[in-house]
Amino acid sequence: MLREIGRLIRRDLLTEDILRLTFIAPKIAAVADPGQFVMLRIGKSHDPLLRRPFSIHQTPGDNSIQLLIKVVGKGTQMLAEWSVGQDVDLVGPLGKGFRIEGPEPFCLVGGGMGIVPLLFLAKKVLQKFPLLRLPVFLGARSANELNFLAEGFNEPGVDLYIATDDGSLGSHGLITELLANQFGAKPGGLRVAACGPYPMLKSLAALCRRLDWPCEVSLETVMACGIGACLGCAVPKINQKGYAHICTDGPVFDAEDVRWR
Amino acid sequence: MAIIDEQLPDLQVNIGNLLLKNPVLTASGTFGYGREYQAYVNLSNLGGIVVKGISLEPRPGNLPPRIVETACGMLNAIGLENVGLKRFIAEKMPFLRDCGTQVLANILGDSVEEYCILAERLSEIDGLAGLEVNISCPNVKMGGVAFGTNPQMAYELIAALRGRSHLPLIVKLSPNVTDITKIAQAVADAGCDAVSLINTLLGMAIDIRSRRPRLANIVGGLSGPAIKPVALRMVWQVAKAVKIPVIGIGGISSAEDAIEFLLAGATAIQVGTANFVNPQVSVEIVAGISQYLQESGEANVRNIIGSLVIS
Ligand SMILES: Cc1cc2nc3c(=O)[nH]c(=O)nc-3n(C[C@H](O)[C@H](O)[C@H](O)COP(=O)(O)OP(=O)(O)OC[C@H]3O[C@@H](n4cnc5c(N)ncnc54)[C@H](O)[C@@H]3O)c2cc1C
Ligand SMILES: Cc1cc2nc3c(=O)[nH]c(=O)nc-3n(C[C@H](O)[C@H](O)[C@H](O)COP(=O)(O)O)c2cc1C
Ligand code: FES
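Because the structure is predicted, anything quoted here is derived from the model rather than measured. (Residues numbered from 1 in each chain as written. Chains lettered and ligands numbered in written order. Predicted model: local features only at pLDDT ≥ 70, side-chain atom pairs only at ≥ 80, totals over all residues. Heavy atoms only, no water.)

This brings us to the site of ligand 1. Residues and elements named next belong to chain A. In the vicinity of ligand 1, 19 residues are found, and the nearest of them are P53, L68, K70, G75 and T76. Here a nitrogen atom of ligand 1 and a side-chain polar atom of E220 are 2.9 Å apart. Alone, ligand 1 offers 850 Å² of accessible surface; in the complex the protein occludes 74% of this. Elements with a contribution of two residues or more to the shell around ligand 1: β4 (52–55), β5 (64–70) and α2 (74–79). Looking at which element gives the most residues to the shell around ligand 1, the answer is β4, with 4 residues. Here the residues of the shell around ligand 1 sort into 10 nonpolar, 5 polar and 4 charged. A domain-level breakdown of the shell around ligand 1 finds at least three residues from each of domain 1 (2–94) and domain 2 (106–257). (Near = heavy atom within 4 Å. Polar contact = N/O pair within 3.5 Å; in protein donor to acceptor, adjacent residues only side chain to side chain. Areas by Shrake-Rupley, 256 points an atom, 1.4 Å probe, with all protein chains shown as cover. Helix = DSSP H or I, 4+ residues; strand = E, 2+ residues; numbered from the N terminus. Nonpolar A, V, L, I, M, F, W, Y, C, P; charged D, E, K, R; others polar. Domains from an automatic or database assignment.)

Here's what the structure looks like:
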């Protein structure tokens, strides 16, 4: 948790609306865990005012952080116009990331932009347990999107499973269905770590509950502060009155602790 | 080697008997319970911290979405989510007591009785320098806002509180009134030590695709740079209308903004939404005020308070 002025050293436009930004930010890179995020200030002016949250995609060279950003609105549009050499005002690493424990059977599930934090997670898991086979399930709308999001997962140790909504790459259909087909009948069970659109996470949570697999999901919401001060990022808690806060209690939650709607 | 001992300007100000080492406080609801900013700010460099609004019982807050960004500002409808009096004292005070600056508790109740119990209990514990009485929250039904829009009710509440607490009482005013000076005069007559203003301006935003309000609460409080001119005007009017100190709040994001409020008559200021944008802004503002005083040859911040030149 610190504020660091980093520098943009690389900018790649992957598709017409997905960009990859690499920043030198040694202090944040040194302490970041998979699933954590940074709050990035878009500009010095008052509009857009608030920082924007982005997951850490990976920490190349251990002194930089890489983000993968989809242009969806005003702030991300402005980021798309940044140029190499520019300073960036970052706060991070923030939030509670994914649990990395045991060499027990583990599997990652990502959908769309939710794939972003999973590369960092896959690398850390394989670093810690070099002999592990790590199944990684990635889904996206089309081959065009998935090709870029899946870049980097060709690590030894990763078994990649791919599905697209339109069938242009991998199997045709939902990534949760592919997961159920591949592992649903296997004895022993799996531990799942996932990030993606809400409907995907919801059906994944239902699947894991049915199969009695532990499952962690990374949630999103609009944020103002990212550090637990504004209480704007509330999600209803299960079994308990009140709300959890995505920026400090999450973004990664046990799927059983989320009151799915 | 000769060391040039440059005389640093005196930044101390008084709010009633409350002495602040500098005029920069952090605004309620934007700085958590102080600890959230510990990693970013040396808290002892602040004039003070006003903690998140506290109610007698814990409150869960409103349904999400609770915040939405608007042009140069944001709307919030947090709904006074807070841990309640008991947990505040047990869990938050131990840290705050030793944080190196003055700590003020912001309190909110549904009735005069509730405000009084809060004030009494908080006056009994160690480590609080004052109470900020929120009679202006737009986001909860009872929200104290009834007290904040009716001068007679505001007078009665503060008069009752005055009898129940020895701590400096600051009354936080709502801008959602026709004439804010009337409320300010009423609470000053009732014996409070200072007024702070403004709380958020009631606002709204709509998603035109779904045709739904962007906040689950439909309406919310507008804060940030967008409200600064309104806040500044109100601070100027109130500072002329009452004899007690005025604390300026609203959109302050830089030392320049803060100095505008001091010139308009504020004895101190609070930094709110800007903490979200730059978690270190509060201490940068302290440094910036000091630098401004040096550059303008002022030895003392009190010299510039209310020194607006109108020809
Ligand atoms: C923990 C976390 C991690 C994230 N990681 C990534 C990431 O790795 N890559 C990436 O591209 N995006 C990520 N996001 C989403 C990203 O923060 C938003 O897309 C971004 O803030 C939009 O800014 P904008 O100014 O372009 O859009 P705005 O103009 O603010 O809004 C445009 C649209 O995007 C929606 N939106 C705004 N903020 C969010 C949000 N936080 N989550 C979901 N929808 C939002 C709005 O409702 C609106 O429909 C993450 C969000 C969170 C909370
Ligand atoms: C997210 C948020 C929560 C707030 N919570 C409180 C609160 O609990 N009590 C209170 O008196 N004011 C609260 N406020 C109002 C601020 O203290 C301040 O008066 C207002 O935001 C205007 O200042 P600013 O423009 O600098 O933010 C809150 C403001 C925001 C943005
Ligand atoms: S974003 Fe402010 S508390 Fe989570």
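All right, on to the site of ligand 2 then. Ligand 2 sits among 25 residues. The nearest are B:S28, B:K172, B:G224, B:G251 and B:T273. At the site occupied by ligand 2, the surrounding residues belong to chains A and B. Separating an oxygen atom of ligand 2 from a backbone N or O atom of B:S28 is a distance of 2.7 Å. The contact in question runs from an oxygen atom of ligand 2 to an N or O atom on the backbone of B:G272, over 3.2 Å. Across the complex, the protein chains shield 98% of the 610 Å² of accessible surface that ligand 2 would expose by itself.

Here the focus is the sheet that holds strand β9 (residues 158–164) of chain A. Residue and element names in this part refer to chain A. The mixed open sheet is built from 7 strands, whose spatial order is β10-β9-β8-β7-β11-β12-β15. The open sheet terminates on both sides in strands that have one partner only, identified here as β10 (171–172) and β15 (252–254). Of the pairings in the sheet, the one linking β9 to β10 comprises 2 bridges and is parallel in character. Bridging across to β10, A163 finds its partner in S171. Each of β7 (106–111), β8 (134–140), β9 and β11 (191–195) touches helix α3 (residues 116–128); the most contacted strand, β7, lies at about 165° to it. (Pairing = 2+ DSSP bridges. Contact = heavy atoms within 4.5 Å. Axes fitted to C-alpha atoms, helices over the stretch in contact; angles between N-to-C directions.)

All names here are of chain B. The two faces of strand β11 (residues 201–204) differ: L201 and G203 on one face are buried, but L202 and M204 on the other face are not. The sheet contact formed by β11 and strand β14 (residues 219–223) spans 4 bridges and is antiparallel. The partner of M204 across the bridge, within β14, is V219. (Buried < 20%, exposed > 50% of the residue type's maximum accessible area, 1.4 Å probe, protein only.)

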